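If you want the building blocks of each chain, they are given just below.
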Amino acid sequence: MYLKSIEVNGFKSFAHKMIFKFEHGITGIVGPNGSGKSNVADAVRWVLGEQRAKQLRGSKMEDVIFAGTELRKPMGSAYVAITLDNSDHNLPIQFEEVTVARRVYRSGESEYLINGSACRRKDIVELFFDTGIGKEGYSIIGQGQIEQILSGKPEDRRELFDEAAGIVKYKKNKLETQRS
Ligand code: ATP
Ligand code: MG
């Protein structure tokens, strides 16, 4: 499984529709300060279901919508879609290619989609359990996060190991069974 592309439209500094395509190997994103490099990582966190504005370096969720510049009007909605190659079926879904998308309007109305079909946030979160890719996964390591991992509480560090060991979904199922 690998990330093939990220599409952003109206998300943070990306006023235009823009598609980042990733080939095999390593891709670096370079650019001057404030040009939007970190916004690309924020887009991935957001589409995976991040709900905490602070984690996305904003103060409220609406801050993810392009706010306008001197030359461009603000946008009414933000959209992000990531496409993953799933030919190894690491994601528990029958498709060879999976596109996960999220859109939010200024009214606060929002939607999630898996391969074009509307779904719940929960469906996206569960799709990525144990893959290391979820918003709490270790595939996105933000600035300062290494230190947080090293100096964090043992319980929090344990979550990272659970994810790597692939036992998050079993733990979750156990919890749900115990509750019912
Ligand atoms: P650095 O090298 O300093 O880390 P960077 O390339 O990572 O910079 P980002 O933090 O990704 O830059 O981008 C910050 C830019 O995004 C700022 O110019 C900010 O104005 C812009 N930005 C953030 N949110 C919005 C928004 N909702 N609408 C328009 N622009 C936004
Ligand atoms: Mg940055």
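Everything below is about the structure printed above this text.
Cut-offs and rules
Residues numbered from 1 in each chain as written. Chains lettered and ligands numbered in written order. Predicted model: local features only at pLDDT ≥ 70, side-chain atom pairs only at ≥ 80, totals over all residues. Helix = DSSP H or I, 4+ residues; strand = E, 2+ residues; numbered from the N terminus. Rg over C-alpha atoms; globule rule 2.2 N^0.38 Å. Pairing = 2+ DSSP bridges. Axes fitted to C-alpha atoms, helices over the stretch in contact; angles between N-to-C directions. Contact = placed C-beta atoms within 7 Å. Buried ≥ 20, exposed ≤ 12 C-beta atoms within 10 Å, placed from the backbone. Near = placed C-beta within 6 Å. Nonpolar A, V, L, I, M, F, W, Y, C, P; charged D, E, K, R; others polar. Expected span 1.5 Å × (residues − 1).

A short note on the overall build of the protein chain
Here's step 1: Along the protein chain, the regular secondary structure elements total 5 helices and 6 strands.
Here's step 2: The N-to-C order of helical and strand elements in the protein chain reads β-β-α-β-β-β-β-α-α-α-α.
Here's step 3: Relative to the compact-globule value of 16 Å for 180 residues, the protein chain shows a C-alpha radius of gyration of 17 Å, a close match.
Here's step 4: Once the C-alpha set of the protein chain is aligned to its principal axes, its extents read approximately 55 × 40 × 40 Å.

Overview of the sheet that holds strand E2 (residues 14–21)
Here's step 1: The strand order E2-E1-E3-E4-E5-E6 describes an open sheet built from 6 strands, whose pairing is antiparallel. Sheet topology places E2 and strand E6 (117–119) at the edges, where each strand pairs with a single neighbour. Between one strand and the next, the sheet's axes are offset by a mean angle of 20°, whatever the strand orientation.
Here's step 2: Relative to E2, strand E1 (residues 2–11) runs antiparallel, the two sharing 6 bridges. Bridge pairing in E2 links asparagine 9 to lysine 17.
Here's step 3: Helix H1 (residues 37–47) contacts E1, E2, strand E3 (77–85) and strand E4 (97–105) of the sheet and is inclined by roughly 85° relative to E3.

Examining the environment of leucine 48
Here's step 1: Mapped onto the elements, leucine 48 comes out in the loop between H1 and E3.
Here's step 2: Beyond its immediate chain neighbours, meaning those up to four positions away, leucine 48 contacts Ile124, Phe128, Gly134 and Lys135.

With respect to the pairing of E3
Here's step 1: Summarising the sheet, E1 and E3 pair through 7 bridges and their orientation is antiparallel. For serine 5, the partnering residue across the bridge sits in E3 and is threonine 83.
Here's step 2: Bridge count for E3 against E4 is 9 bridges, and the pairing is antiparallel. Each residue of the ladder has a partner; that of alanine 78, found in E4, is valine 104.

A word on the environment of glutamate 126
Here's step 1: Inspection of the secondary structure puts glutamate 126 in helix H2 (residues 121–127).
Here's step 2: The exposure class assigned to glutamate 126 is partly exposed, which follows from the 15 C-beta atoms found within 10 Å.
Here's step 3: With 43 residues separating them along the chain, glutamate 126 and lysine 169 place their C-alpha atoms 7.8 Å apart.

Topic: the site of ligand 1
Here's step 1: Neighbouring ligand 1 are 14 residues, the closest being Asn33, Lys37, Ser38, Asn39 and Ala67.
Here's step 2: Taken together, the residues of the shell around ligand 1 break down into 3 nonpolar, 8 polar and 3 charged.

Some details on helix H4 (residues 154–165)
An α-helix turns once per 3.6 residues; consequently, residues spaced three or four apart project the same way.
Here's step 1: Taking 1.5 Å of rise per residue, 12 residues should cover 16 Å, and H4 covers 16 Å from first to last C-alpha, within 8% of that figure.
Here's step 2: With 1 of 12 residues buried, H4 lies mostly on the surface of the structure.
Here's step 3: Phi turns positive one or two residues past the end of H4, at glycine 166, with a value near 80°.

Describing unusual backbone geometry
Here's step 1: Even without glycine at this site, histidine 89 takes up a positive phi of about 55°.
Here's step 2: Structurally, the position occupied by histidine 89 is in the loop between E3 and E4.
Here's step 3: Of note, the phi angle at asparagine 115 is positive, near 45°, even though the residue is not glycine.
Here's step 4: Inspection of the secondary structure assignment puts asparagine 115 in the loop between strand E5 (110–114) and E6.

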